[in-house]
Amino acid sequence: MPELPEVETVRAGIERHVVGRTVATAQVFNPRAVRRDPAGPEGFAAAMTGRTLLRAERRGKYLWFALNEDEALLAHLGMSGQLLVGDAGRPLSPHVRARFTFADGGPDLRFTDQRTFGHLMLCSLVTPGGTTPTAAAAVAGPRRLVPEPIRHIAPDPLEGAFDPKGFAARLARKKTQVKRALLDQSLISGIGNIYADEALWRARLHWARPTDTLKKAEVSRLLDAVREVLTEALSAGGTSFDALYVNVNGESGYFDRSLNAYGREGEPCPRCATPIRRDAFMNRSSYHCPRCQKLVWLASPAVRSR
DNA sequence: CATCGACCCTGCGGGC
DNA sequence: TGCCCGCAGGGTCGAT
């Protein structure tokens, strides 16, 4: 299930194998793959023909390839999407939703997606909106352009534009549980169910902890944990549970061997040996250690007086 | 405006 | 054996 580390692995693969090449033909085999593109399958294919992919960029779980100064090919892998580069003559597997061949006659690029939650679209590049520029962002220099459909997606914790103080301030104003907040891509992007559980385990926080009760030290512990989990997964090549996720060349990741909580119901917590517990959460699962990640906190005077 | 649940989709595996 | 159902899950949209 591609989260930030997996998507970054794909981005790096595209940068290496596809950037600088010019599209000779574009084919769409399943219209759902371009459902968010107003031009439709035929319009999308026609508009992609002759385009050169200039850069491979990423924010959170989104990828995009600049085509010029104000247009890009945007990609989201959803749950099962893959971007595969390989010999143009190899047979089409059943889940190939779109395919690009290149003018140099070299390897082609295929978007495969069993569960069809992913999509591709051609869109414009705009200055990111939604948030007031902070002093920290101003120091970071001119803001880079982002695809218009993902203006609302927050910077991810591994990019320079991410503002930890702003994140903490917004978190404190929310009336929700900390895991919901971690999965809110307009607050912080790139985190999915797996790395949310892993980061919470590392920070020793319960998934249901109300965000407005988190102390400053807990928020910074959580952010440190998020960065560590994502960085370690990235260096391992991303997580993979089955053949659904493979990198740009079809190579599986292997970080699942180092997961501490996710998917380990009943197994001993690596810290204290208490069996990991699975809770139902948002029509899915949440895994935590009932001993290391207790749902208790000391109320601040302000909270107590309410 | 903020929050939350339904829904989209397919394949797999458990239970009967 | 075969069917049904639950589960996996990111993002969008509509309801509250």
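Here, the structure is the one placed above.
The notes below deal with the structure included here.

Basis of the calculations
Residues numbered from 1 in each chain as written. Chains lettered and ligands numbered in written order. Predicted model: local features only at pLDDT ≥ 70, side-chain atom pairs only at ≥ 80, totals over all residues. Near = placed C-beta within 6 Å. Nonpolar A, V, L, I, M, F, W, Y, C, P; charged D, E, K, R; others polar. Pairing = 2+ DSSP bridges. Helix = DSSP H or I, 4+ residues; strand = E, 2+ residues; numbered from the N terminus. Axes fitted to C-alpha atoms, helices over the stretch in contact; angles between N-to-C directions. Contact = placed C-beta atoms within 7 Å. Buried ≥ 20, exposed ≤ 12 C-beta atoms within 10 Å, placed from the backbone.

A look at the protein's contact with DNA strand B
Argument step 1. As a structural note, the neighbourhood of DNA strand B is formed by Gln114, Arg115, Thr116, Phe117, Lys174, Lys175, Thr176, Arg180, Met282 and Asn283.
Argument step 2. A breakdown of the residues in the surface near DNA strand B according to their chemical character gives two nonpolar, four polar and four charged.

Description of the sheet that holds strand β5 (residues 81-86)
Argument step 1. Pairing is antiparallel in the open sheet, where four strands are placed in the order β1-β6-β7-β5. Among the strands making up the open sheet, the edge pair consists of β1 (23-28) and β5. Strand after strand, the sheet turns through a mean of 15° between neighbouring axes, direction not considered.
Argument step 2. Note: strand β6 (residues 96-102) against strand β7 (residues 108-113), four bridges, orientation antiparallel. The residue of β7 that forms the bridge with Val96 is Thr112.
Argument step 3. Lying over the sheet, helix α2 (residues 40-48) contacts β1 and β6, oriented at roughly 170° with respect to β1.

Things to note about the sheet that holds strand β3 (residues 62-66)
Argument step 1. The strand order across the open sheet built from five strands is β2-β3-β4-β8-β9, with neighbouring strands paired in antiparallel fashion. Single-partner strands in this sheet number two, and they are β2 (55-59) and β9 (146-147).
Argument step 2. In the packing of helix α1 (residues 4-17) onto the sheet, contacts are made with β2 and β3, and the angle to β2 comes to roughly 170°.

Regarding the environment of Gly40
Argument step 1. Mapped onto the secondary structure, Gly40 falls in helix α2.
Argument step 2. Placed twelve residues apart in sequence, Gly40 and Val28 show a C-alpha to C-alpha distance of 9.6 Å.

Description of the pairing of strand β4 (residues 71-76)
Argument step 1. Here β4 lies mainly inside the structure; five of its six residues are buried.
Argument step 2. Between β3 and β4, which pair antiparallel one after the other, the connecting turn spans four residues.
Argument step 3. Examined bridge by bridge, β4 and strand β8 (residues 119-126) share six bridges and lie antiparallel to one another. What sits directly across from Ala72, in β8, is Cys123.

Concerning the protein's contact with DNA strand C
Argument step 1. In the region of DNA strand C, 13 residues are neighbours, and Lys61, Arg115, Gly192, Asn193 and Ser285 sit closest.
Argument step 2. Elements represented by at least two residues in the surface near DNA strand C include exactly α6 (193-203) and β11 (284-288).
Argument step 3. Tallied by class, the residues present in the surface near DNA strand C amount to four nonpolar, six polar and three charged.

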